[in-house]
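# Observations on the model geometry
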Amino acid sequence: MPTTPTARTAAAALLAALFALPPLTGCGGGNEDEPREPRATGDAASGTATDPAAVGTLNATDLAWIQLMIPVNDQLLPLLDDVAERGSDPAFREFAAGLAEQHRSELTELHALLDEAGVEYTNLHEGHDMPGMVTEDELTALAATEGAAFDREAKPHLREHLEQSARVSRSEAESGADADATALAAGLEEARADQLAELTALDG
Amino acid sequence: MTSPHPRDGTAPWPRRALLAVLAIAALLASQLFVSSTSTAAPEERAADVGPNAVRVAEFVAECAFSHRLPDDPIVFPDMPGASHMHSFFGSTVTDAGTTNLGDLLQGDSTCDPVIDLSSYWVPTLYANGQPVEPQSATFYYLGEGVDADVVANTQPLPQGLKIVAGNALATGPDQSIARWSCLHAGHVNPSQDFVNCPSGTALESYLDFPQCWDGVNLDSPDHKSHMAYPVAGQCPSTHPVAVPKLRQVLRYPVNGDPSGFELASGAGYTMHGDFFNAWPEDEMLRRVEDCIRPVIKCGADGVPS
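Computed from a prediction, not measured in an experiment: that's the story for all the values here.

## Regarding the overall build of chain A
Counting secondary structure elements, chain A contains six helices and zero strands. The helix and strand sequence of chain A, counted from the amino end, reads α-α-α-α-α-α. In chain A, which comprises 204 residues, the proportion classed as buried is 40%. Here the analysis covers contacts within chain A between residues at least 6 apart in sequence; of these, 65% occur between residues at least 24 apart.

Right under this line is the structure:
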């Protein structure tokens, strides 16, 4: 197969990914004709050492949830800050300001979970069309609206975000392994229920 | 069925880049050891080859589209709705909770052969906002890309193995091994991004999966490091077990201006594929022994075609 000397950036990215990984363990037996009995995938929810996708106490679901919640929250902050600044209803402004504060504190805790496990944060959803994630185009469209129309357009985005992040946090609380991560998820799901009730009270 | 082999010699695989990275990875690995490959000479099996056999190491599964979900049981296990939209082929039961081999073994398949209970999934293609599913999805299992002695020593893909290929996070064509071309329009140069296919032809996507396994792990935290691409025709010492190379070929019933095309993961160069192996062990072994090691082209039934 012919080659072309492209993808230097890919090489750099791959190399960075390799360095970011935990040390490779159990490199397999080079002299064996037959592969060893493969390590069972095991129950991903068990978070035991038999889960080949686990990092420390974080199982694959923990990792997936943390690495989803970070970009989902990150992506919402500009909208929350925008509402807090120029929403037409003072109660809505106050709600958004409180929500932004809670989201920032969640982000700190989410990053701390990764730091503790020694996992470098990667946005696994960069550029992807994700359920419940406000897009750049939607933010641009919102920026063009004002007053009551702005409030009205912003609310469905907040609702979708709150509902979707509650949904994935419930999955994490059920299928995650790390005690801190599942506790954070359970707390987050509860907080979302309150936040949704508040939004409903604001006619959202 | 058309050939899985690109028609021209301009395939833009970033192999040299991978070579460099993997060479460094090998140095970094804590346990360096020398791989003494014991080879069963291909000539030994050549005597069994019938006069009409085609000398290409290959067997296939043709798997119709099954379903769409914003799920990824490898990257976002047990978390429904946590992924961009995927189109699933093969297993009809796969969703976010399909994390164990047993889930697939109890399921059903859209594949020919129907005994292939594996699950294959890719980001959904959208044309002007509407999902488009492939008119055909062929999963080739190949003994190529490595030296003849390695092909002759190919091991079956272990049941439960999870492999991810391509780069869903690529931000440019140079970060991608995706390859787009046109069915029945070989003059259109292939590209890592979508290509403009002439009227009457179909947009097609090729993606090669890594074929060297570490021999131990069925998955890994980044879902990639238990597998590797070959280096200079050999599997690296960190990933010494050669398995059949999975080549995913999807043909979409669209052509023309690609500006309206988008994958759920973004531009054409973000094309990627996920594979969760649930072939019956005996069927996989038979195909490796009868098609891959002796270098014979087989069909979906795993006998010389």
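## Observations regarding the UniProt feature "domain: DUF305" (unreviewed entry) in chain A
Feature annotation in UniProt places "domain: DUF305" (unreviewed entry) on residues 62–201 of chain A, given in this structure's numbering. With 81% helix and 0% strand, residues 62–201 of chain A has end C-alpha atoms that lie 33 Å from one another.

## Side note on the sheet that holds strand β12 (residues 212–213) of chain B
The strands that make up a sheet pair up through hydrogen bonds in the backbone, lying either parallel or antiparallel. Residue and element names in this part refer to chain B. Read across the open sheet, the three strands follow the order β13-β12-β14; overall the sheet is antiparallel. Of all strands in the sheet, those with a lone pairing partner are β13 (227–228) and β14 (241–242), marking the two edges. Bridge count for β12 against β14 is two bridges, and the pairing is antiparallel. Counted as the bridge partner of tryptophan 213 is valine 241 from β14.

## Notes on the environment of Phe88(B)
Its location among the elements puts Phe88(B) in strand β3 (residues 86–90). By the C-beta count within 10 Å, which is 25 here, Phe88(B) ends up buried.

## Focus on the packing of helix α2 (residues 60–86) of chain A against helix α3 (residues 90–117) of chain A
Between two packed helices, both the angle of their axes relative to each other and the distance between the axes serve to describe the pair. Residues and elements named next belong to chain A. Across the interface, α2 lies against α3 with an axial gap of 9 Å and an inter-helix angle of 155°. Taken as axis vectors, α2 and α3 run roughly antiparallel relative to one another. The element α2 and its partner α3 pack so that their crossing is left-handed.

## Looking at the confidence of the model for chain A
Residues and elements named next belong to chain A. When pLDDT is averaged along chain A, the result is 80, and 75% of the positions lie at 70 or above. Low pLDDT, under 50, characterises residues 1–37; the stretch is placed with 75 contacts to residues that sit more than four places away or in other chains. Here residues 39–49 is a poorly scored stretch, pLDDT under 50, and it has 35 contacts once near neighbours within four places are set aside; other chains count.

## Brief notes about the pairing of strand β11 (residues 202–208) of chain B
Regular strands have side chains that alternate between both faces of the sheet. Residues and elements named next belong to chain B. Of all seven residues that make up β11, five are buried, and the element is covered over most of its length. Judged from the five bridges that link them, strand β10 (residues 179–183) and β11 form a sheet pairing that is antiparallel. Looking across to β11, one finds that leucine 183 is bridged to alanine 202. Sheet topology note: the β11/strand β15 (residues 245–252) ladder contains six bridges and is antiparallel. The residue bridging leucine 203 from the neighbouring strand is tyrosine 252, located in β15.

## Some thoughts on the sheet that holds strand β9 (residues 162–166) of chain B
Residues and elements named next belong to chain B. With antiparallel pairing, five strands are arranged side by side in an open sheet as β2-β3-β5-β17-β9. The open sheet has two free edges, formed respectively by β2 (65–69) and β9, since each of these has just one partner strand. Taken over all neighbouring pairs, the strand axes of this sheet differ in orientation by 20° on average, direction set aside. For β2 and β3, the ladder comprises four bridges, and the chain directions are antiparallel. By the bridge assignment for β3, arginine 68 is matched with serine 87.

Definitions and limits used
- Within every chain, residues take consecutive numbers counted from 1 along the sequence as written.
- Working convention: letters from A go to chains and numbers from 1 go to ligands, in the order in which they are written.
- Since the coordinates come from a predicted model, pLDDT governs what is reported: local features require at least 70, and pairs of side-chain atoms require 80 or more to be given and counted, while whole-chain, interface and lining totals use all residues.
- Secondary structure follows DSSP: runs of H or I at least 4 residues long count as helices, runs of E at least 2 residues long count as strands, and numbering of each begins at the N terminus.
- Counting other C-beta atoms within 10 Å of each residue's C-beta, where C-beta atoms are placed from the backbone, gives the exposure class: buried for 20 or more, exposed for 12 or fewer, partly exposed between.
- We call two residues in contact whenever the C-beta atoms placed from their backbones are within 7 Å.
- UniProt positions are given in the numbering used here, feature names are shortened, and annotations may be inferred rather than shown by experiment.
- When DSSP finds two or more bridges between two strands, those strands count as paired.
- Orientation is described by lines fitted to C-alpha atoms, with helices fitted over the stretch in contact, and by angles between N-to-C directions that extend from 0 to 180 degrees.
- Angles below 35 degrees are treated as roughly parallel, those above 145 as roughly antiparallel, those between 65 and 115 as roughly perpendicular, and all remaining angles as oblique.
- Rotating anticlockwise by less than a right angle from the far helix to the near helix defines a left-handed crossing, while the corresponding clockwise rotation defines a right-handed one.
- A score from 0 to 100, pLDDT tells how confident the predictor is in each residue.

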